[in-house]
Structure formats: structure tokens, C-alpha cells
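# Structural overview for review
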Amino acid sequence: MRYPFPVGTVDFIQGDEAIARAAILAGCRFYAGYPITPASEIFEAMSIYMPLVDGVSIQMEDEIGSIAAVVGASWAGAKSMTATSGPGFSLMMENLGYAIMTETPLVLVNVQRSGPSTGQPTLAAQGDLMQAIWGTHGDHSLIVLAPATVQEAFDMTIKAFNLAEKYRTPVILLTDAEVGHMRERVYAPHPDELELIYRKLPANEEEAKYPFGDIHGDLVPPMPVFGKGHHTYVTGLTHDEKGRPKTVESEIHEKLLKRIVEKIEKNKKDIVDYEGYGLEDAEIVIIGFGIVTRSAMRAVKELRKKGIKAGLLKLNVLWPFDFELIERIAEKAGKIYVVEMNLGQLYHMVKEGANGKVPVELIPKIGGEIHTPKEIIERIKDNLR
Amino acid sequence: MAKEIYTKYKMAKYLRKEALPTALCPGCGGGTVLNAFANAIDQLGIDPRDLVVVSGIGCSAWIASPYFLADTLHTTHGRAIAYATGVKVGLPDKKVVVISGDGDLAGIGGNHLIHAARRNIDITVILVNNFIYGMTGGQVAPTTPFGAITTTSPYRNVEHPLNIAETVTSAGASYVARWTTFHVYQLIESIKRALSVKGFALVEAISQCPVQFGRRNRMKTPTEMLRWFQRNSVLISKARNMSPNELEGKIVVGELVNREKPEFTEELNSLIEEVSKHYGLGDNNAD
Ligand SMILES: Cc1ncc(C[n+]2csc(CCOP(=O)(O)OP(=O)(O)O)c2C)c(N)n1
Ligand code: SF4
Ligand SMILES: [Mg+2]
């Protein structure tokens, strides 16, 4: 198989472009989208690449339709993706819930811009964190990944597809305008270096009868995709193991939802990923995700030069959330700072994880600019004075 | 009695038996549409394994799922056609059918309907128009006749109904027909044609909801509603020579359009061929 971009080598590309290339390497062959800044470049790259790899990229009439088509294509058997930003992300919420309820693997990229509403279309923000995790109604779980560099955008896109297929769930790649539009050096692995995961299909007709039953004891049912004569019944209504709607039986609802939540929660170890710097002896720990951790890293290094024992925890996975990790850090640190490009979202999860063991302080910033290392340093030093 | 139905009703083999009896009210037109669809599938000799049936939310959506025995995708309110678009692109060799209500497909989902027709994607849509939001208790719909009584237009409806079949014709569909549940044979024939045409096909099935619509509009029984369909329907050939005044309140039935046009998934596939021919991948990789 040949690719319409260099593989097994480095290139100098935008984050959005990296996501498109990585998706194709991960085996994505269906993309549906609707134009929106700062995610359009993913769509435009997909439009060029897809026909060259026997795939399809189509423009729908809105983002509701985009994610709907992606769910449909996933049930048709294709690895599928869509990408958007704030306003479109909001429109996708209902069908994202449908994907969770029907356990449909898909990747949804949100190149965050600042909101609410149309907000600042070209500027980065991290204001959609809570929406990514909790935006659709009802109890649920899903997976949220957050890249800080163009290389991570590339690698995490591949990871997003693998996790989506492995756990039969939507995965959100929560990036932002800064990572999306920035150009950096990226190593695109050769396909032979990649370990790709494909959804588990039913081994026989008997297994196909239980598209929503934990028949393997791993909480993830095999997926009887359409077109194979299984007569699969898929509904967003509460359903039993066979997919039949059961809308008033509380035990069935509880059983279904608990499995959907537990298949993510119980595999936290496999899914969660983070990077620590200086955490061994850090008295002050900065916690963050995405682009702003690059400023935070610089701040930590500067603080250390000044003799302040600072450390950084960069979260690569935001859901499932590793509350225990935060608690372990809180047990050792003297103070935790949360840096984020919003008015406090990750902050609340960190506070919950820290469990009162250590003061947690928010260093927020909105308006489209990333915190400078200096801003972070000054805030921390002010407190030390 | 149920067993008898399974042996005597030939179309029962196309239904999910565990989902029967249906939850539709006695006398609901939905059963007629389900029957017409099953007969069309049967007469065309389509193997249900080659079918994917997609629906939205509403009483009419249940015709497809859970009642029909095929791969079925029961989606969110209004979005069935968008979901079906992904299914059809992923499985271009399968017959993809959408069955849903007027509120679902022409109200909240109207934009998907128009744009799927414009794309001329090979999906057959059976739109069950009962002039009302049936499932939610009889609220006014974009199809409710002017002046009709509903639970959210309790004095009278001051809006004008959308002419769905004409809208979809203008949007570019390959095939559009409208019949009522009174015209069962014609309905079956049109569904058969819709399934055979390459391109977007809409069959608007005017259907009775005696419980939520008829009851409040001086047609308490299903029979009264069917009689209304019978008396009020005008064949399209005749309607062409009638003035707008004469057509006021009439149901124009028949085939609105049946035309050949390039189809979306075929175009996508020929695009892939063209692109790989002209821009095919040379030795540009580092491998
Ligand atoms: C987003 C959303 N809004 C509202 C509803 C509630 N709802 C369920 S069915 C329905 C109306 C269905 O009307 P129609 O499509 O005409 O079907 P009918 O029941 O008349 O066959 C509505 C509004 C919903 N399920 N989802
Ligand atoms: S409410 Fe109306 S549309 Fe719904 S099942 Fe009853 S008669 Fe049919
Ligand atoms: Mg209706």
C-alpha cells in the first residue's frame, strides 16, 4: 500500500495536516465533515488524500449530519472520523451520545477555539474540556485525548483509532487552534512500524446475536457490522444484549450503562497516559494538558534554575481521569497549580483528585493567547513571597 | 391468534417476531405502510440480507425498527438520512432504505432530506406523513393542514403545510411519488420503483393517525380518515389541469418525477478511479 504523503520519515507540517495523515495511516477510510475554522485543514487534507487510498471524504449539510454519517459508516464496517470546532462540536452532542449508547467506534477531533458561541474563531482555547467529557446528556463514558505538539497530534490520532476500535467507543481528540495551525517537525512512522487495532467481529452467527452482550467477559461485545446478514438491530433506546429496545426495565438500563462506563473505567490502566517532569522531588506541581503544558514546562525549568523545586504533570488522556494519580501527587507536593486556557475546568477534577491534601490553585487564561512561561512563573513566585 | 398470523400472513417472514404485536394503535396507517414495504421487498425478490433499514424517532420510525427483520439502525430524531448516507457510502452494494415520519424527516430533519435529494444518493425514503407529531401526543407538524386542531394549535393551525414531495422533487431526487394508505397497490408499486431507481427516491405515504390527528379533526375512526383520503385525492395527471384554488386542501397523488441522473456513490467511486489514474501514487515514499 502506498500513501499520498511521506512515511517512515520526517516532514514539516501543520497539526491539522498531521491528524489527517495519521488517520489515513490508522486505516480511516471514511470522513464526513463541515467547514469550520480552525479544523477545516483536516477536512481539506482528507479530501485530497482519501480518493488516493480508496477512501471517501464527504461534506455534509451540517455537523449533526457529519457525525451521523460517521456512525453510519462505522456500522458499515469502516474506520471513520469527523473533525470540528466549538459550534460544530455543540451540534454533535446528541449524536455523540448515540455513538456512546450504540458502542460505535469513531474518532471525533475538536480543534478548540474560544467560545461560547462563535467566539474567537481563529484563536486557541481549552474551554471545551467539560463538554468533551460530559457534553452529551445522560450517564456515559468515553475517551478524551489531548495533544500538545504536532507530533503528539499525529501519534494520538493513531492511538485514538486504536482505542475506539478496541473498546467500541467514540474517542475525542481534544486539540486546539494553536496545535492545529502550528507547523512542526513530525516523524510519520512507516506502516510496518504501526500496531493497528481493528474492532472485534463476531466469530460466528451465535455471537452475532449479542451485539450488546458481554459474551467474552471483557465488557466489549464483538460488533456485528451491517451487510453480513446478521440482521443486527441498533438503537439509541435502552436495549438488551440482543439490541432489542427495553425502555422501562430499570435493571436492563442499569446493566447496559454500567457496562458502557465500566469498559472504560476498568481499562483505565491501558488507556491513561501522562508525562511527569521533576515529580520525584517537586514541592510545587503544575498540572495541565495540551499546548499550555509547553509554557508550563519552560516555567518549571526556569523555576528549578532559581532553586524552586517545581514539577510538571502533563495529562495526555483527560478521560478516563486518573484521580488516584492526582492524589498520589497531592500526597507528596506542597502545592498544585492548574494551568489551563479557560476559567477553570481541569481545576475541578484536579481538586477532586487532590482530595483536600494540598492546596490547588488555578492559573487561568482566556482570550486566545497561551500563558507565557513568565506569567506562570510570576504567579507562582508571587505566592512564595 | 398470534401463531395464526405467522402462518397465514405471508409477509410475517420479514418481521422480527419477538417485536410483535406492534405498539402501533389499532387502525394506525403505519401497519399499512409496513405491509406495503414488505410486499414490495417480496415482489422484487430482495433478500433482506441485502437491506439496511434506517429510521429516526416517532411512531412511523418503528415500522423500520424494531419491526422489520434486516440490519436496522434506529437513530436520533430527524437524522436518519444523514446516518443512512454513511451506511450507503460504506456499503454501496446494499439497498439502504429510510422509513420515518413527517415531523422527523421533513421537520427537524428537513435539511438532511433536501441535501440527500440534491446529492441524489441512492437511498429510498418512505416518509410516512400523518400530518402530526404522533408519538409525542399530537402536536402541530410542518405538514399539519392550515386550520387543523392539534395539541399545540388548540384553536387552529395558523401555519401552512409543507409540500414534501414537491420540495424533494425541486431538490433533485431521481424519483418522487405520493400515495395514501387508501392506495395500497399503487403504494407498493411506487415503493418497488423507488427501490429499483438508481438515485434518491422518496415515496410520501399519506397515512392516518386517528388517535392524535383524526380524533381532533372530526375523523374519529380510521375508516373516516381513509374515506377522507379517498375523496380528497386527485391524480397528478388531473391535478395538472386544476387551478390552485381547486387544489386547495386536496391530496395530489401519483408519480411526480422519475428521471435518470448521476448518482452520488457511483460518482464517488468513479472519482476514486479518475483520481488514482491521474494522480496515482508513484514512488514518492521513503519506503
Ligand atoms: C431532538 C429530539 N427532539 C424531540 C424529540 C421528541 N420526539 C419524539 S418523536 C417526535 C415526533 C415524531 O413525529 P413524526 O416524525 O411525524 O412521527 P409520528 O410519530 O407522527 O409517526 C418528537 C418530537 C426527540 N426524540 N428528540
Ligand atoms: S399515535 Fe397515531 S401514528 Fe402513533 S401509533 Fe397511534 S395512530 Fe399511529
Ligand atoms: Mg407524523
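Residues numbered from 1 in each chain as written. Chains lettered and ligands numbered in written order. Predicted model: local features only at pLDDT ≥ 70, side-chain atom pairs only at ≥ 80, totals over all residues.

## Some thoughts on the overall build of chain B
The number of helices and strands found in chain B is 12 helices and 10 strands. By the compact-globule yardstick of 19 Å for 287 residues, chain B fits well, its C-alpha radius of gyration being 20 Å. Projected onto the principal axes, the alpha-carbon positions of chain B cover approximately 75 × 50 × 35 Å. In chain B, which comprises 287 residues, the share counted as buried stands at 51%. (Helix = DSSP H or I, 4+ residues; strand = E, 2+ residues; numbered from the N terminus. Rg over C-alpha atoms; globule rule 2.2 N^0.38 Å. Buried ≥ 20, exposed ≤ 12 C-beta atoms within 10 Å, placed from the backbone.)

## Points about the overall build of chain A
Within chain A one finds 14 helices and 16 strands. In terms of overall dimensions, chain A is globule-like: its C-alpha atoms have a radius of gyration of 21 Å, near the 21 Å expected for 385 residues. With the C-alpha coordinates aligned to their principal axes, the bounding extent of chain A is approximately 70 × 50 × 40 Å. Relative to its full complement of 385 residues, chain A shows a buried share of 56%. Of the contacts formed within chain A by residues at least 6 apart in sequence, a portion of 76% connects residues at least 24 apart. (Contact = placed C-beta atoms within 7 Å.)

## Remarks on the interface of chain A and chain B
Counting from both sides, the interface comprises 46 residues of chain A and, opposite them, 37 residues of chain B. For the side of chain A that touches chain B, the elements supplying multiple residues, two or more each, are strand 2 (28-33), strand 3 (56-59), helix 3 (63-75), helix 4 (86-101) and strand 10 (233-235) of chain A. Among the elements that make up the side of chain A that touches chain B, the one with the highest residue count is helix 3 of chain A (nine residues). Split into classes, the residues belonging to the side of chain A that touches chain B amount to 26 nonpolar, 14 polar and six charged. Bridge count between strand 10 of chain A and strand 2 (residues 71-74) of chain B: three bridges; the pairing is parallel. The residue bridging Thr235(A) from the neighbouring strand is His74(B), located in strand 2 of chain B. (Nonpolar A, V, L, I, M, F, W, Y, C, P; charged D, E, K, R; others polar. Pairing = 2+ DSSP bridges.)

## Examining the domain arrangement of chain A
Residue and element names in this part refer to chain A. Its domain assignment divides chain A into domain 1 (9-193) and domain 2 (275-384). Between the C-alpha centres of domain 1 and domain 2 there is a distance of 27 Å. Each side of the interface is counted separately: domain 1 has 22 residues, and domain 2 has 20 residues. Put simply, the parts of the chain that give the side of domain 1 that touches domain 2 at least two residues each are strand 6 (120-124), helix 5 (129-134), strand 7 (143-145), strand 8 (170-176) and helix 7 (177-181). For the side of domain 1 that touches domain 2, a count of residues per class yields 15 nonpolar, five polar and two charged. (Domains from an automatic or database assignment.)

## Some words on the site of ligand 2
Neighbouring residues of ligand 2: Leu24(B), Cys25(B), Cys28(B), Gly30(B), Cys59(B), Asn130(B), Gly134(B), Met135(B), Cys209(B), Pro210(B), Val211(B) and Gln212(B). Among the residues forming the shell around ligand 2, the class breakdown is eight nonpolar, four polar and no charged. (Near = placed C-beta within 6 Å.)

## Quick notes on unusual backbone geometry
For the bond from Gly115(A) to Pro116(A), the omega torsion is 5°, close enough to zero to count as cis. With an omega dihedral of 15°, the bond running from Ser65(B) to Pro66(B) counts as a cis peptide bond. You can see Pro66(B) is positioned in the loop between helix 3 (61-64) and strand 2. Positive phi values are uncommon outside glycine, yet Leu219(A) reaches one of about 70°. You can see Leu219(A) is positioned in the loop between helix 8 (205-208) and strand 10. For Leu219(A), a count of 18 C-beta atoms within 10 Å gives the class partly exposed. At Asn120(B), a position not held by glycine, the phi torsion is positive, near 55°. Looking at the element boundaries, Asn120(B) is found in the loop between helix 6 (110-119) and strand 4 (123-129). What makes Asn120(B) buried here is the crowd of 24 C-beta atoms within 10 Å.

## Describing the environment of Leu174(A)
All names here are of chain A. Looking at the element boundaries, Leu 174 is found in strand 8. As a C-alpha pair, Leu 174 and Leu 108 span 66 residues in sequence and 8.4 Å in three-dimensional space. Aside from chain neighbours lying at most four places away, what touches Leu 174 is Asn 110, Gln 112, Asp 128, Leu 129, Ala 132, Val 144, Leu 145, Ala 146 and Leu 318.

## Details of helix 8 (residues 184-196) of chain B
Residues and elements named next belong to chain B. Between its first and last C-alpha, helix 8 extends 18 Å over 13 residues, near the 18 Å set by a 1.5 Å rise per residue. Turning to helix 8, its buried residues are Leu 187, Ile 188, Ser 190, Ile 191, Ala 194 and Leu 195. Considered in projection along helix 8, the buried side chains sweep an arc of 165° and stay on one side of the axis. Tucked inside the fold, the buried residues of helix 8 contact helix 2 (30-44), strand 3 (95-101), strand 4, strand 7 (175-180), strand 8 (201-206) and strand 10 (251-258). (Expected span 1.5 Å × (residues − 1). Arc of directions from axis to C-beta.)

## Structural notes on the environment of Glu18(B)
Position of Glu18(B) among the secondary structure elements: in the loop between helix 1 (2-8) and helix 2. On a C-alpha basis, the gap between Glu18(B) and Ala239(B) in space is 44 Å, while along the polypeptide they are 221 residues apart.

## Some points on the site of ligand 1
Residues and elements named next belong to chain B. In the vicinity of ligand 1, 18 residues are found, and the nearest of them are Gly 58, Gly 101, Gly 103, Asp 104 and Gly 134. Elements supplying a minimum of two residues to the shell around ligand 1: strand 3, helix 5 (102-108) and strand 5 (132-133). In terms of residues, the shell around ligand 1 owes the most to one element, helix 5, which gives three residues. Here the shell around ligand 1 is composed, by residue class, of seven nonpolar, nine polar and two charged.

## Regarding the confidence of the model for chain A
Confidence along chain A averages 97 in pLDDT terms, with 100% of residues attaining 70 or more. For chain A, helix 14 (residues 373-384) of chain A is the element with the lowest average pLDDT, namely 95, and strand 7 of chain A is the one with the highest, namely 99. (pLDDT = per-residue confidence, 0-100.)

## A short note on the sheet that holds strand 13 (residues 310-315) of chain A
Residue and element names in this part refer to chain A. With mixed pairing, the five strands of this open sheet are ordered in space as 11-13-12-15-16. The two strands at the open ends of the sheet, each matched to only one other strand, are strand 11 (274-277) and strand 16 (360-364). Across the sheet, the mean angle from the axis of one strand to that of its neighbour is 20°, orientation sign disregarded. Across four bridges, the pairing between strand 11 and strand 13 is antiparallel. Counted as the bridge partner of Glu 275 is Lys 314 from strand 13. Across the sheet, helix 13 (residues 346-354) is in contact with strand 12 (284-288), strand 15 (335-340) and strand 16; its angle to strand 15 comes to roughly 160°. (Axes fitted to C-alpha atoms, helices over the stretch in contact; angles between N-to-C directions.)

## Describing the packing of helix 3 of chain A against helix 4 (residues 80-90) of chain B
Close contact between helix 3 of chain A and helix 4 of chain B brings their axes to 6 Å; oriented N to C, the two are set at 40°. One way to sum up the angle between helix 3 of chain A and helix 4 of chain B is to call them oblique. Of the two possible hands of crossing, helix 3 of chain A and helix 4 of chain B adopt the one that is right-handed. Counted together, Ile64(A), Gly65(A), Ala68(A), Ala69(A), Val70(A), Val71(A), Gly72(A), Ala73(A) and Trp75(A) of helix 3 of chain A and Ala82(B), Tyr83(B), Ala84(B), Thr85(B), Gly86(B), Val87(B), Val89(B) and Gly90(B) of helix 4 of chain B form the full contact between these two elements. Of the residues belonging to the contact of helix 3 of chain A with helix 4 of chain B, the class tally is 12 nonpolar, five polar and no charged. (Parallel < 35°, antiparallel > 145°, perpendicular 65-115°, else oblique. Left-handed = near helix turned anticlockwise from the far one by under 90°.)

## A look at the sheet that holds strand 3 of chain B
Strand order in the open sheet formed by nine strands is 10(A)-2(B)-1(B)-3(B)-4(B)-8(B)-7(B)-10(B)-9(B), with mixed pairing between adjacent strands. At either end of the open sheet lies a strand with only one pairing partner, and these are strand 10 of chain A together with strand 9 (233-235) of chain B. Strand-to-strand, the axes of this sheet are offset by a mean angle of 20°, without reference to chain direction. Relative to strand 4 of chain B, strand 3 of chain B runs parallel, the two being bridged by six bridges. Following the sheet pairing, Ile99(B) is matched in strand 4 of chain B by Ile126(B). Each of strand 3, strand 4 and strand 8 of chain B touches helix 2 of chain B; the most contacted strand, strand 4 of chain B, lies at about 155° to it.

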